[in-house]
Amino acid sequence: AGCGSGSSEGAANDQLTVGFSQVGSESGWRTSFTQAVQAEARDRGIDLKFSDAQQKQENQIRAVRSFIAQGVDAIVIAPVVETGWKPVLTEAKRAGIPVVIVDRNMALKDDSLYLTRVASDFVEEGRKAGRWLMEETGGDCDIVELQGTVGATAAIDRMTGFNEVIANYPDAEIVMTQTADFTRARGKEIMETFLRAMDPADICAVWAHNDEMALGAVIAMKEAGIDPGDDILVVSVDAVPDIFKAMADGDTNATVELSPHMGGPAFDAIEAHLRGESVDKLISVNGDLFTQETAAEEYQKRTAG
Ligand code: GYE
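Residues numbered from 1 in each chain as written. Predicted model: local features only at pLDDT ≥ 70, side-chain atom pairs only at ≥ 80, totals over all residues.

### Overview of the UniProt feature "domain: Periplasmic binding protein" (unreviewed entry) in the chain
- The UniProt record annotates "domain: Periplasmic binding protein" (unreviewed entry) at residues 18-277.
- End C-alpha atoms of residues 18-277 are separated by 18 Å, and the span's content is 45% helix alongside 20% strand. (UniProt positions renumbered as here; feature names shortened; annotations may be inferred. Helix = DSSP H or I, 4+ residues; strand = E, 2+ residues; numbered from the N terminus.)

### Things to note about the site of the ligand
- Surveying the vicinity of the ligand reveals 13 residues, the closest of which are Ser27, Trp29, Ala154, Phe182 and Asn210.
- Where the shell around the ligand is concerned, the elements lending two or more residues are α2 (28-44) and β9 (233-238).
- The class makeup of the residues in the shell around the ligand is five nonpolar, two polar and six charged. (Near = placed C-beta within 6 Å. Nonpolar A, V, L, I, M, F, W, Y, C, P; charged D, E, K, R; others polar.)

### Here's the deal with the pairing of strand β7 (residues 172-179)
- Strand direction decides the pairing type here: strand β6 (residues 141-147) and β7, joined by seven bridges, are parallel. Bridge pairing in β7 links Glu145 to Thr177.
- As for the winding sense of the linkage, the β-α-β connection from β6 through helix α6 (residues 153-166) to β7 is right-handed. (Pairing = 2+ DSSP bridges. Right-handed = clockwise from strand over helix to strand, strands pointing away.)

### A few points about helix α8 (residues 211-223)
- Between the first and last C-alpha of α8 there are 19 Å, a value that for 13 residues agrees with the 18 Å anticipated at 1.5 Å per step.
- Of all 13 residues in α8, 10 are buried, a share of seventy percent or more.
- Of the residues making up α8, those classed as buried are Asp211, Glu212, Met213, Ala214, Leu215, Gly216, Ala217, Val218, Ala220 and Met221.
- Within two residues after α8, Gly225 carries a phi angle of roughly 75°, on the positive side. (Expected span 1.5 Å × (residues − 1). Buried ≥ 20, exposed ≤ 12 C-beta atoms within 10 Å, placed from the backbone.)

### Some points on the nonpolar core
- Grouped together as the largest cluster of nonpolar side chains are 88 residues, with contacts concentrated most on Ile75, Val99, Val100, Ala205, Val206 and Ala217.
- Sort the elements by how many residues they give to this core and α8 lands first, with seven residues.
- Discounting residues that sit within four places of it in the chain, Ala217 has contacts with Leu146, Gly187, Lys188, Met191, Val206, Ala208 and Val234. (Core = buried A, V, L, I, M, F, W, Y, C linked by C-beta atoms within 7 Å. Contact = placed C-beta atoms within 7 Å.)

### So, the packing of helix α5 (residues 122-137) against α6
- As a packed pair, α5 and α6 sit with axes 6 Å apart at the nearest point and diverge in direction by 40°. The angle between α5 and α6 falls in the class oblique. At the point where α5 passes α6, the crossing takes the right-handed sense. Facing Phe122, Val123, Glu124, Glu125, Gly126, Arg127, Ala129, Gly130, Arg131 and Met134 of α5, the residues of α6 in contact are Thr153, Ala154, Asp157, Arg158, Met159, Thr160, Gly161, Phe162, Glu164, Val165 and Ile166.
- The residue inventory of the contact of α5 with α6, partitioned by class, reads nine nonpolar, five polar and seven charged. (Axes fitted to C-alpha atoms, helices over the stretch in contact; angles between N-to-C directions. Parallel < 35°, antiparallel > 145°, perpendicular 65-115°, else oblique. Left-handed = near helix turned anticlockwise from the far one by under 90°.)

### Focus on the sheet that holds strand β5 (residues 116-120)
- The parallel open sheet is built from six strands, whose spatial order is β2-β1-β3-β4-β5-β11. Edge positions in the open sheet fall to β2 (47-52) and β11 (282-285), since each of these has one partner strand only. Averaged over all neighbouring strand pairs, the angle between strand axes comes to 15°, with direction disregarded.
- The sheet contact formed by strand β4 (residues 99-102) and β5 spans three bridges and is parallel. Residue pairing across strands places Val100 opposite Thr116, the latter belonging to β5.

### Topic: the sheet that holds β7
- Taken in spatial order, the six strands of this open sheet run β7-β6-β8-β9-β10-β12, and their pairing is mixed. Across the chains shown, the open sheet's two edge strands, defined by having one partner strand only, are β7 and β12 (289-291). Neighbouring strand axes in the sheet, compared pairwise and without regard to direction, differ in orientation by 20° on average.
- Examined bridge by bridge, strand β10 (residues 254-257) and β12 share three bridges and lie antiparallel to one another. For Ala254, the partnering residue across the bridge sits in β12 and is Thr291.
- Sheet strands touched by α8: β6, β8 (205-208), β9 and β10. Its angle to β9, the strand with the most contacts, is close to 150°.

Right, here's the structure in full:
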């Protein structure tokens, strides 16, 4: 609303301004998520103030304070890590600005500090990856793990879900684990250190908390003369287009989808709240596991147009 000379004062005043503090651009999934939120805002005529935190919480806190100072109508935060949010959310609350948490979570005792959270069940994503791997290997598998960002819900919970499943299999074990910060470059580096630290023939699978790190690990394995997807299985989370290409090529084996379309539900909640309606405290999105079987077809679908 509110464009052109014919627009009434009312229409211009109606336009919502929303501040969005995003984690960064560490992964393909993150980029899709940013683009999806921006497209959704555009479709609704929302004025979106976008801020990229480059994976640093202090940048996010600064951005949120600046949104408060600008008097935005609402703030959407995709937090880097879980802890440390209470002070700035209290400031937003005092200013009467609703906050929606998207994607990763915040550790908050007081749920009046936010309006709602839009997220997937990261524990379940970890379980799905674990179940697939246990089925594939008959529960006999020495696993190396590439963890996401330390302190981030997506890393903590995916690890929890996966470990919960493999705990039921005495011959399945995480033999090495390290954070690679959700990036491809770090995924490659850490995989290289794993391959140096043990005999690659003893590694059954790579479990990566996101596709991006899995893709980095694939490069490391190829450079070491290993056939990823075959000599060493690879399972990850996100379902970005690149991983479907890798699966179609036989380089990785399975991924759990995480929808990047969380902007719509977040804006719905903000709009409902501003109309005076009540909003649920959690809005869930869910995804399935995909394998090589449908990868070529999925890749086509997801990259067409
Ligand atoms: O899986 C990863 C991104 O928080 C769920 O962050 C998100 C994760 C996602 O960098 O690719």
